[in-house]
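A structural walkthrough
So the chains spell out like this:
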Amino acid sequence: MSSQVVGRRAGADWASIVLGLGLGLTVAMYVETTTEADWSSVYAIVTSVSRIAALVGSYLALVGLVLVSRISWVESSVGHDRLVLWHRKLGPYSLYLITAHVLFVILGYAGAEQVPLAVELWRMALRFPWMLPAVIAFLFFAAAGITSYKKARAKMSYETWWTIHLYTYLAIALSFMHQILTGPMFIGHPLNKAYWEFLYIYAAAIIVIWRFVIPTGRSLRHNLRIEQIVSEGPGVTSIIMKGRKLDKLNAQGGQFFGWRFMQKGQWWISHPYSLSAAPTDQYLRVTVKELGDHSRMVKNLNPGARVFFEGPYGTFVASKASKGHIVLVGGGVGITPLRALLEEFDQSKSIDVLFRASKEEDLVLRKELDSLADARGARVHYLVGSRKVHTMDAEYISTFVPAFADSDVYVCGPTPLVEAVREACKDAGIPKNRFHEEAFEFHAV
């Protein structure tokens, strides 16, 4: 096992321990302040459970934001892919717990006072401070949760999804005062209050520093600007950017950045695009397919426009390979990070590229691929047609790559392609540490 894999596992273990200790302390905080009256009746128990759910749900929401706050040393030790996975898994539990709090607290108070639920809800809105902002916060949480499901994401543009999830930050802020001023575990308990305030301040500081201050400083320092806009085919555009001392970014082919093009209609939202060529000390390039409002507008970007960026992110890099044979599988515009990877592998590696596309015109960067393959002796297999023809199972892939079972496999493209290749790797006996993926899904904000 490589030292890099061991380091990532150790980093993940430490992160899990820290997060677990915080969760334990959060639960203990409530247990330490509870009284016999809190468990004296059915409705009192329901209310107590609602408070525990609120604490744990709020803690997980904070953790979820910190996980995707782009802390460089955490990203390098744990890995961006794993952090995003944790974020996606924690999110639903946070929403479920907060929803349980809302329902149970209304039920508990209404039962204790023997009034209808609607009447109790109105009374709570008038009785408790900061209740209206808390209700708005819950609605923001619910919107983010609903739009996180795959079927919901598939029906909206990245811009809409990103904007809705941005309100998660506001939701957490709006709920804070309600918790501090009404929570019995905080009233009369200054240490508990200080601990909870510390968590919120710490999370806010991390987000501000790592998502805004550091990226802004680096963007200004490297002075990245659009150099050229190149049409690569129907609906596909490359953006070539020039800056200074870009080698200091330590970026690698296969990684992605969050790009913010400082031009009307573009500057307000950050989009994750992978590098489509190996980075140099002066140039970075991305290749974008028209899939949403933002991507349709990149062809209208003006040379000279400043570019703000976050990154590089991701562990979809050549250095993760442990075998002498490499298989790169790309679908459509998903070939772009693989084209960058092709430049990064040393000459000792034997490489096969499988490029899946529905139509010939979807074979973007074909001339570059052929040129790179000729220069380093790689083999490119163009698989044009329907999924029924190109099944991408282990047997089918092995007809092009006999050494498939003894390879490192990199795949980037639509989720069905990634899942098909994942199953092929399982069937061929390829272990997880030799399967490297980059799927076309929304990155966390």
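The structure under discussion appears in the preceding block.
All of the points below concern the structure found in this document. Remember, it's a predicted structure, so these values are computed and weren't measured experimentally. The residue numbers shown here count from 1 along each chain, following its written sequence. Whole-chain, interface and lining totals are the exception, using all residues; otherwise, since this is a predicted model, local features are given only for residues with pLDDT of at least 70 and side-chain atom pairs are given and counted only at 80 or more. Hydrogens and water molecules were not included; the side-chain quantities draw on all heavy atoms of the structure.

Side note on the overall build of the chain
Per the secondary structure count, the chain includes 14 helices and 11 strands. Relative to its 445 residues, the chain shows a buried fraction of 49%. Long-range pairs, those at least 24 residues apart, make up 72% of the contacts in the chain between residues at least 6 apart in sequence. In the chain, 45 positive and 37 negative side-chain charges are present, and the distance between their average locations comes to 3 Å. Numbering of helices and strands starts at the N terminus; helices are DSSP runs of H or I of at least 4 residues and strands are runs of E of at least 2. Think of it in three bands: with a 1.4 Å probe and only protein chains considered, a residue is buried below 20% of the maximum accessible area for its type, exposed above 50%, and partly exposed in between. Throughout, a residue-residue contact means that at least one pair of heavy atoms, one from each residue, lies within 4.5 Å. We treat Lys and Arg as the positive residues and Asp and Glu as the negative residues; His and chain ends play no part in the count. Lysine's charge is taken at NZ, arginine's at CZ, aspartate's at CG and glutamate's at CD.

Here we look at the nonpolar core
Among the nonpolar cores identified, the biggest contains 34 residues, and Met29, Leu55, Tyr59, Phe141, Ile172, Phe186 and Trp196 are the most heavily contacted of them. Mapped by element, the contributors of at least two residues to this core are helix H1 (3–33), helix H2 (42–67), helix H3 (72–78), helix H4 (80–113), helix H6 (131–146), helix H8 (158–182) and helix H9 (190–222). Among the elements that take part in this core, H2 stands out by supplying nine residues, more than any other. Residue contacts for Tyr59: discarding those within four places in its chain leaves Val18, Leu19, Gly22, Leu23, Thr26, Tyr195, Trp196 and Leu199. Among the buried residues, those of types Ala, Val, Leu, Ile, Met, Phe, Trp, Tyr and Cys that are joined through side-chain atoms within 4.5 Å form a nonpolar core. Membership of the second largest hydrophobic core comes to 25 residues, among which are Ala321, Leu342, Phe345 and Cys412.

Side note on the sheet that holds strand S1 (residues 225–233)
What the three strands build is an open sheet, ordered S1-S2-S5; its pairing is antiparallel. Of all strands in the sheet, those bounded by a partner on one side alone are S1 and strand S5 (283–289). Each adjacent strand pair in this sheet contributes to an overall mean axis angle of 20°, direction not counted. In this scheme, strands are said to pair when DSSP sees at least two bridges between them. Pairing between strand S2 (residues 236–242) and S5: seven bridges, direction antiparallel. Residue pairing for S5: Val236 is matched across the bridge by Lys289. Throughout, an axis means a line fitted to C-alpha atoms (over the contacting stretch in the case of helices), and angles, computed between N-to-C directions, take values from 0 to 180 degrees.

Some remarks on H6
Given a rise of 1.5 Å per residue, 16 residues ought to cover 22 Å, and the 23 Å separating the end C-alpha atoms of H6 matches this to within 8%. Burial in H6 covers these residues: Met131, Ala134, Ala137, Phe141, Ala142, Ala144 and Gly145. The buried residues of H6 occupy an angular sector of 160° when projected down its axis, which confines them to one face. For H6, exposure combined with an orientation more than 90 degrees from the buried face picks out Leu132, Leu139 and Ile146. Turning to H6, the residues buried within the fold contact H2, H4, helix H5 (117–127) and H8. Working rule for helices: expected span equals 1.5 Å times residues minus one. What the arc measures is the spread of directions leading from the helix axis to the C-beta atoms.

Structural notes on the sheet that holds strand S6 (residues 307–313)
Taken in spatial order, the three strands make up an open sheet running S4-S3-S6, and their pairing is antiparallel. Each edge of the sheet is formed by a strand with only one pairing partner; in this case those strands are strand S4 (271–274) and S6. Averaged over all pairs of adjacent strands, the angle between their axes in this sheet comes to 30°, without regard to strand direction. By the bridge criterion, four bridges tie strand S3 (residues 256–261) to S4 in an arrangement that is antiparallel. Pairing of Trp259 across the sheet is with His271, part of S4.

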